[in-house]
Amino acid sequence: MTLTRGARITGAVLCAALALIVAAWIVRDLTTAADPLDLWRYWTGSRRSAASTPLTTTLQDLLLFAVYVTVALAALRSPVAAAALVAAGVITLAVRLPGLWVLSSSWMDLRSADELRTRALYCAFAALGLGIGLIITAAAGRRAPGAPNDLYARDPYARDPYAHDPYARGAYAHERTPTRPTQGVSVLAFLLLGGSAGVLAAWEIYTATDYAGTRYLDRFTGSTSVRLPPLGTPPGWLTAAIVVLALVAAVGALFHAVFSRPLGLVVAVFLVGMGGTGLDFAVRNELMSHLGDVGLREQLLVGSWLFELAAGAVLLPALARRGEGDASGGGAPAWQPQPGHGHPQPGYGPPPPQTPPPGW
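Calculation notes
Residues numbered from 1 in each chain as written. Predicted model: local features only at pLDDT ≥ 70, side-chain atom pairs only at ≥ 80, totals over all residues. Heavy atoms only, no water. Axes fitted to C-alpha atoms, helices over the stretch in contact; angles between N-to-C directions. Helix = DSSP H or I, 4+ residues; strand = E, 2+ residues; numbered from the N terminus. Parallel < 35°, antiparallel > 145°, perpendicular 65-115°, else oblique. Left-handed = near helix turned anticlockwise from the far one by under 90°. Contact = heavy atoms within 4.5 Å. Phe/Tyr/Trp six-rings, centres within 6.5 Å; stacked < 30°, edge-to-face > 60°. Buried < 20%, exposed > 50% of the residue type's maximum accessible area, 1.4 Å probe, protein only. Salt bridge = Lys/Arg side-chain N within 4 Å of Asp/Glu carboxyl O. Core = buried A, V, L, I, M, F, W, Y, C linked by side-chain atoms within 4.5 Å.

K.L.:
Help me understand the packing of helix α1 (residues 5–32) against helix α6 (residues 114–140) in this model?
P.N.:
Contact pair α1 / α6: the axes reach a minimum separation of 10 Å and the direction vectors enclose 160 degrees. With respect to their mutual orientation, α1 and α6 come out roughly antiparallel. As for the relative orientation of α1 and α6, their crossing is left-handed in sense. Between α1 and α6, the residues in contact are Ala7, Thr10, Gly11, Leu14, Cys15, Ala17, Leu18, Ile21, Trp25 and Arg28 and Leu116, Arg119, Ala120, Cys123, Ala126, Ala127, Leu130, Gly133, Leu134 and Thr137, respectively.

K.L.:
Got a minute to help me understand the packing of aromatic side chains in this structure?
P.N.:
The geometry of an aromatic ring pair is captured by the separation of the ring centres together with the interplanar angle, meaning the angle of the planes. Applying the stated criterion to the full structure yields five aromatic pairs. Ring plane angle 70 degrees and centroid distance 6.4 Å describe the contact between Trp40 and Trp43, whose orientation is recorded as edge-to-face. In this pair, Trp40 and Trp43 are both assigned in helix α2 (residues 36–43), three residues apart and thus about one turn of the helix distant. Accessibility expressed as a relative area gives 39% for Trp40, which makes it partly exposed.

K.L.:
Mind showing me how you'd approach the pattern of salt bridges here?
P.N.:
Side chains that differ in sign of charge can pair as their charged atoms come close. Following the criterion strictly, the structure yields five salt bridges and no others. Across the pair Arg28 and Asp29 runs a salt bridge, and its minimum N-O distance is 2.9 Å. Under the relative-accessibility criterion, Arg28 is labelled buried at 16%. On the basis of relative accessible area, Asp29 is assigned to the buried category, the value being 0%. Put simply, Arg96 and Asp61 hold a salt bridge, and the shortest N to O gap is 2.6 Å. One end of the pair, Arg96, is in helix α4 (residues 82–96); the other, Asp61, is in helix α3 (residues 59–77), and 35 residues separate them in sequence. A relative accessible area of 10% places Arg96 in the buried class. Accessibility expressed as a relative area gives 1% for Asp61, which makes it buried.

K.L.:
What exactly am I supposed to notice about the nonpolar core here?
P.N.:
One broad trend across soluble globular proteins is that nonpolar side chains are buried collectively. Residues Leu85, Ile91, Ile242 and Phe270 are the most contacted members of the largest nonpolar core, which totals 58 residues. Contacts of Leu85, omitting those with residues within four sequence positions, involve Leu3, Gly11, Cys15, Val71, Ala75, Leu134 and Ala138. Listed in part, the eleven residues of the second largest apolar core include Val102, Leu116, Ala124 and Leu231.

Following this line, the structure appears as structure tokens:
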């Protein structure tokens, strides 16, 4: 299915609104922090910010901004961006949903002022509404490839200058159709996405056995034992969301599903962010230079971060390439011109001139 022009514009506007919300908070933190490097160190967990006012964003906000801008441009340029709009809406719901209970908790009063927390809560509601709007737009704005645009559906002769010419109007049948990952990309995406989901799930299970019950629950609620900025996502919730989305994208890639490409790209962006943050921690604490001297747990951690970063870096260019189209879509016209319209057909139109008989 492809998107109508109105749905593409609506999706691009919704993505632009989400990007503006995230950009406003990032600009606020840039002006609050001592310098951009101070904000970057705060995002990667290198150290606490030296700013007097608490910072509000995380590295996930920067990743979301990149996703929103990319999807908005794709919606404007391509009629097959429905799956990309759904992927952007799903990741928005996954990342922003915990803000409803994190920002409403009483212990959040100790971390930020009431005005700042209220603004963050309003933005969380707005982001959730816009994310749902992206999914609704992608579902409601679909049309079959090759069908005329809905602008001409009701009164084609009044609005479409080519409605009288079925041969010119047949160009609608040769539109781009949604593409599926190729065989090689499908296998690669299945292995890397499935492997990344397995690694993240294994570490989350290890954390659950290492922590006490209440302390581990804080990784999903963002409670007092987890230092979380107002726009932050609890680490346990974020890991679980990425694991689920990675598994869905991996299974979809195995079956050549259309949605596996944009959803896999979104997961790859977050894998790069998570792996890069972990390697920054490893370099900062000299784990890389003394990898042979540390324990097995630290060695596995560094290896996991390397794998996540490498998997995301490989998946981004692999899934960004245009896949293969449906065997039945886009090649032949969706309908055939009927005789008696457009160009003259044999047996139709005015009769040919009669040849006068001999002797006239």
